[in-house]
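Listed below are the residues making up each chain.
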Amino acid sequence: MMTKKNLIYILLITLVISVYFYQNDKSTNTLIPTIDLTNQPLYQSDKMVTMIYDPLGNLNYKMSAAKVKYFEQSEHTLFEAPDIISYNRENNATWHIKANHATLVGNKILYLSDNVLLVNQLPNSQLRKIFTDNVKIDLKTQIVTSEDPVTIEGPTFTSKGNKLLGNLRNKTADILENVKTYYNATNNLHNNTTN
């Protein structure tokens, strides 16, 4: 015969088993939402300053930016307000480069956009400034190209036109289409008296 005590044990065991199966059934039917992070940056930073050295320990570049985002999957780094100074082997600043935006692809190609300015830092150079809206720089070869309108300034001239091909290492730049050059001999005299 079943006693009251045994009946309570059976009801308790049945309740525990029911709760267990209810919880397992509920957890298997509930999907955990996943978040796609492939389009999200792996890291990001504000007010970044980076120094890049060659294998011998010489400073190659000093780069600062207001914001930086690195995307691992595409190997792209996006910069807001990049400000770059390049150095030669004698540790002298050679170029000061600014833009509103930049994209570094695989640590090899740098695309600068919106108000791009390249200023030669070496004294007595015939090539002083380059202005354009978009520039591609191969960081290994130092080749600079642009398909946009471009202005080049030297101590006694200003050239304007379309498409740029230059070499930062050799301090050369050529405008390839619709070139108009304006010479100003007094500009050289003015620059020598004010510096």
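A. Spatial organisation of the overall build of the chain. Along its length, the chain carries two helices and 11 strands. Of the regular secondary structure in the chain, the N- to C-terminal order runs α-β-β-β-β-β-β-β-β-β-β-β-α. In the chain, which comprises 195 residues, the share counted as buried stands at 27%. Excluding contacts between residues fewer than 6 apart, the proportion of contacts in the chain whose partners are at least 24 apart in sequence is 35%. Of the roughly 13700 Å² that the chain leaves accessible, carbon and sulfur atoms contribute 55%.

B. Structural context of the pairing of strand 2 (residues 59-71). Pairing analysis gives 10 bridges linking strand 1 (residues 43-53) to strand 2, with the strands arranged antiparallel. Looking across to strand 2, one finds that tyrosine 43 is bridged to tyrosine 70. Linking strand 1 back to strand 2 in an antiparallel pair, the connection comprises five residues, with glycine 57 at a positive phi of about 95°. With four bridges connecting them, strand 2 and strand 4 (residues 83-87) associate as antiparallel partners. Counted as the bridge partner of tyrosine 61 is serine 86 from strand 4. Note: strand 2 against strand 3 (residues 76-80), five bridges, orientation antiparallel.

C. Broad picture of the pattern of salt bridges. On inspection of all chains with the given rule, the structure shows three salt bridges. The partner of aspartate 46 in a salt bridge is lysine 67, with the nearest N and O atoms 3.8 Å apart. In this pair, aspartate 46 is assigned in strand 1 and lysine 67 in strand 2, connecting sequence segments 21 residues apart. Across the pair lysine 163 and glutamate 147 runs a salt bridge whose closest N-O atoms are separated by 3.5 Å. Note that lysine 163 is positioned in strand 10 (residues 157-167) and glutamate 147 in strand 9 (residues 143-153), a separation of 16 residues in sequence. By relative accessible area, which is 60% here, glutamate 147 ends up exposed. Taken together, the shared-partner salt bridges connect Glu147, Lys163 and Glu177 into one network.

D. View of the side chain of threonine 132. Locating threonine 132 in the fold gives a position in strand 8 (residues 129-138). There is a polar contact of 2.7 Å between the side chain of threonine 132 and the backbone oxygen of proline 149. With residues up to four places along the chain from it excluded, the contact list for threonine 132 reads Asn115, Val116, Ser146, Asp148, Pro149 and Val150.

E. Region of interest: the nonpolar core. Counting 27 residues, the largest nonpolar core has Phe79, Ile97, Leu112, Leu118 and Ile137 as the members making the most contacts within it. Every element with two or more residues in this core is listed here: strand 2, strand 5 (93-98), strand 6 (101-105), strand 7 (109-120), strand 8, strand 9 and strand 10. Dropping the residues within four chain positions of it, isoleucine 137 is found in contact with Ile97, Lys108, Ile109, Leu110, Leu112, Leu118, Ile143, Val144 and Leu168.

F. Looking closely at the packing of aromatic side chains. Across all of its chains, the model carries one aromatic pair by this definition. Consider the rings of tyrosine 43 and tyrosine 70, whose centres lie 5.4 Å apart with planes at 25°: the pair is stacked. Of this pair, tyrosine 43 sits in strand 1 while tyrosine 70 sits in strand 2, placing them 27 residues apart in sequence.

G. Structural context of the environment of asparagine 92. The residue asparagine 92 is located in the loop between strand 4 and strand 5 in this model. With relative accessibility at 37%, the residue asparagine 92 sits in the partly exposed group. The sequence separation of asparagine 92 and leucine 122 amounts to 30 residues, and the corresponding C-alpha distance is 8.0 Å. In this structure, asparagine 92 is in contact with Ser86, Tyr87 and Leu122, ignoring residues within four places of it in sequence.

H. Molecular detail of unusual backbone geometry. Of note in this structure, asparagine 115 is not a glycine but carries a positive phi near 55°. Its location among the elements puts asparagine 115 in strand 7. Given a relative accessible area of 53%, asparagine 115 falls into the exposed group. Residue lysine 163 is not a glycine yet carries a positive backbone phi of 70°.

Calculation notes
- Residues numbered from 1 in each chain as written.
- Predicted model: local features only at pLDDT ≥ 70, side-chain atom pairs only at ≥ 80, totals over all residues.
- Heavy atoms only, no water.
- Helix = DSSP H or I, 4+ residues; strand = E, 2+ residues; numbered from the N terminus.
- Buried < 20%, exposed > 50% of the residue type's maximum accessible area, 1.4 Å probe, protein only.
- Contact = heavy atoms within 4.5 Å.
- Areas by Shrake-Rupley, 256 points an atom, 1.4 Å probe, with all protein chains shown as cover.
- Pairing = 2+ DSSP bridges.
- Salt bridge = Lys/Arg side-chain N within 4 Å of Asp/Glu carboxyl O.
- Polar contact = N/O pair within 3.5 Å; in protein donor to acceptor, adjacent residues only side chain to side chain.
- Core = buried A, V, L, I, M, F, W, Y, C linked by side-chain atoms within 4.5 Å.
- Phe/Tyr/Trp six-rings, centres within 6.5 Å; stacked < 30°, edge-to-face > 60°.

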